[in-house]
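Residue-level structural notes
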Amino acid sequence: MWFLIVKVLPIGDFAHPAYGFINVQSLVMVSSIFGISGIIFLVSWAAGFAVTAFTTKDSKKLKLTVIVMTVVVLLVATYSLSQTISAQRLFYQLPVEVSPGSQLKVTCLIGGGESKTEEVLKADPGIDLVLWSEETGYYNDVDELKNLQTIAKQYGSVIAPTYFNSTQSNNMAALISDNGDVLFTYKKRHPVPGVETSIKRGPGKVQSADTILGKIALAICFDFNFPDYIAKVSHDTDIFLQPSQTWGPIGKYHAKVNAMRSVEQGFLLIRCSSYGYSGVYNPDGSWSAFTPDKESGAYTFVVPRRFNRVFTLYSYIGDTFGWITVIFAFLYLGGLVFVPNSILKKLRYWTILSNTRDQYANINSD
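The structure reproduced in this document is the subject of the present report. Note that this is a predicted model, so its numbers are computed, not measured.

The rules behind the values
Residues numbered from 1 in each chain as written. Predicted model: local features only at pLDDT ≥ 70, side-chain atom pairs only at ≥ 80, totals over all residues. Heavy atoms only, no water. Disulfide = S-S within 2.5 Å. Helix = DSSP H or I, 4+ residues; strand = E, 2+ residues; numbered from the N terminus. Buried < 20%, exposed > 50% of the residue type's maximum accessible area, 1.4 Å probe, protein only. Arc of directions from axis to C-beta. Contact = heavy atoms within 4.5 Å. Core = buried A, V, L, I, M, F, W, Y, C linked by side-chain atoms within 4.5 Å. Salt bridge = Lys/Arg side-chain N within 4 Å of Asp/Glu carboxyl O.

Let's shift gears to the state of the cysteines. Per the stated rule, a full pass over the model turns up one disulfide. Between the sulfur atoms of Cys-108 and its disulfide mate Cys-272 the distance is 2.1 Å. The sign of the S-S torsion, about 75 degrees, decides the handedness of the disulfide formed by Cys-108 and Cys-272: right-handed. Linking Cys-108 in strand S1 (residues 103–110) with Cys-272 in strand S11 (residues 268–274), this pair joins segments that are 164 residues apart in sequence. Overall, the relative accessible area of 2% leaves Cys-108 in the buried class. Here Cys-272 falls in the buried class, since its relative accessible area comes to 0%.

Residues Leu-148, Gln-149, Ile-151, Ala-152 and Tyr-155 constitute the buried set of helix H7 (residues 146–155). Considered in projection along H7, the buried side chains sweep an arc of 160 degrees and stay on one side of the axis. Away from its buried face by more than 90 degrees, H7 exposes Lys-153 and Gln-154. On its buried side, H7 packs onto helix H6 (113–123), strand S2 (129–132), strand S4 (158–160), strand S6 (170–176) and strand S7 (182–187). The first or second residue beyond H7 is Gly-156, which carries a positive phi of 65 degrees.

To continue, consider the environment of Glu-134. Counting through the fold element by element, Glu-134 comes out in the loop between S2 and strand S3 (137–138). You can call Glu-134 buried: its relative accessible area is 5%. The sequence separation of Glu-134 and Ser-273 amounts to 139 residues, and the corresponding C-alpha distance is 6.8 Å. Once residues lying within four places of it in the same chain are set aside, the contact partners of Glu-134 are Thr-162, Asn-171, Lys-188, Glu-196, Ile-220, Cys-221, Pro-243, Ser-244, Gln-245 and Cys-272.

Here we come to the nonpolar core. Ranked by size, the top nonpolar core spans 59 residues in total, and within it Leu-129, Leu-175, Leu-218, Phe-240 and Leu-241 carry the most contacts. Those residues within four positions of Leu-218 in sequence are excluded, and the remaining contacts are Ala-160, Ala-173, Ala-174, Phe-184, Tyr-186, Val-206, Gln-207, Phe-240, Leu-241 and Pro-243. Residues Leu-109, Ile-127, Val-130 and Tyr-163 belong to the second largest nonpolar core, which totals 17 residues.

Applying the stated criterion across every chain yields a total of nine salt bridges. Taking the shortest distance from any N to any O, the salt bridge between Asp-319 and Lys-7 comes out at 2.5 Å. Taken together, the residues span a long stretch of sequence, with Asp-319 in the loop between helix H11 (314–317) and helix H12 (320–338) and Lys-7 in helix H1 (residues 2–8) at a distance of 312 residues. For Asp-319, a relative accessible area of 15% corresponds to the buried category. Residue Lys-7 is classed as partly exposed on the basis of its relative accessible area, which comes to 30%.

Structure, rendered in structure tokens:
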């Protein structure tokens with residue numbers, strides 16, 4: 001049900017029950033195989049096995065149930081560990097010859113715009129990338145970014161400014177290279193329902209470009225609540241930037257659920273948020289930095305200079321598993337109505353359909 005809800009509702013996966021397990025590392029890593037739908041499937045399936053284990057009087061059935069549950073738990077734990085190690089390969093065991101200069105300095109700039117950007121870079125010319133929080137500036141044309149282009153070229157830094165375009169009513173961002181070139185501009189695809197009512201939707205294309213820091217993509221805040229949309233990014237994207245603005249008590253929750261896209265797709269996520277949490281999220285399900293803020297501030301994070309995207313099965317198969325479960329759910333319901341009970345009883349060891357049919361029959365007879 002939730003799989004289809006995410007596809008239809010304008011809030012995306014914001015209230016998805018899978019996020020109730022966001023602090024369980026082994027379950028979080030399951031999303032790199034089947035997405036967040038896989039987490040709910042695994043938990044529901046385990047609950048069904050647990051009920052069977054506690055209610056069955058058939059010793060053979062109990063034994064098989066325990067064996068299957070044990071095997072599944074071991075497989076999940078083993079995969080979680082292997083994926084974690086894989087995701088951390090650039091954090092540990094670096095060859096000596098590549099260790100010097102292997103760190104990348106990224107500054108999250110909340111408020112201040114152009115003047116604050118130049119001030120930060122002047123104070124620390126070693127900063128490699130400056131990312132603004134959502135809607136920091138106001139520009140109506142790409143030509144108005146020339147001052148930032150000059151700053152980027154002067155200090156040899158990549159800059160990702162965010163701004164409101166009043167003539168087009170777009171919530172926008174751009175990526176400027178260390179040479180001062182505007183690599184692309186981006187329009188927010190998913191304005192927050194009921195909040196950004198005046199913002200026009202972007203064209204629905206996730207932008208990315210090659211830089212001296214690796215291939216970088218960018219999407220804005222609520223766009224990350226739509227796994228299908230973020231999945232459109234090219235498979236060779238190493239770093240994903242997320243300018244954001246949240247409010248009230250949802251800031252921490254929103255940062256953590258959006259970070260699941262990093263686990264699903266295998267990229268490094270750099271988030272800069274006003275009135276929320278900023279930081280760096282790794283494909284192993286951990287935060288390298290996690291900093292709260294309101295409306296001003298500049299925070300510098302350190303990440304691997306050449307972060308190579310981690311392979312995940314989900315980034316290639318997408319929601320194939322989710323659609324398979326939907327098909328089987330409809331077949332299940334169809335079997336409840338149309339399949340003869342004599343056939344269902346032969347499958348009774350693996351399904352509760354025949355039990356359900358019997359219960360309905362008893363109720364009707366009463």
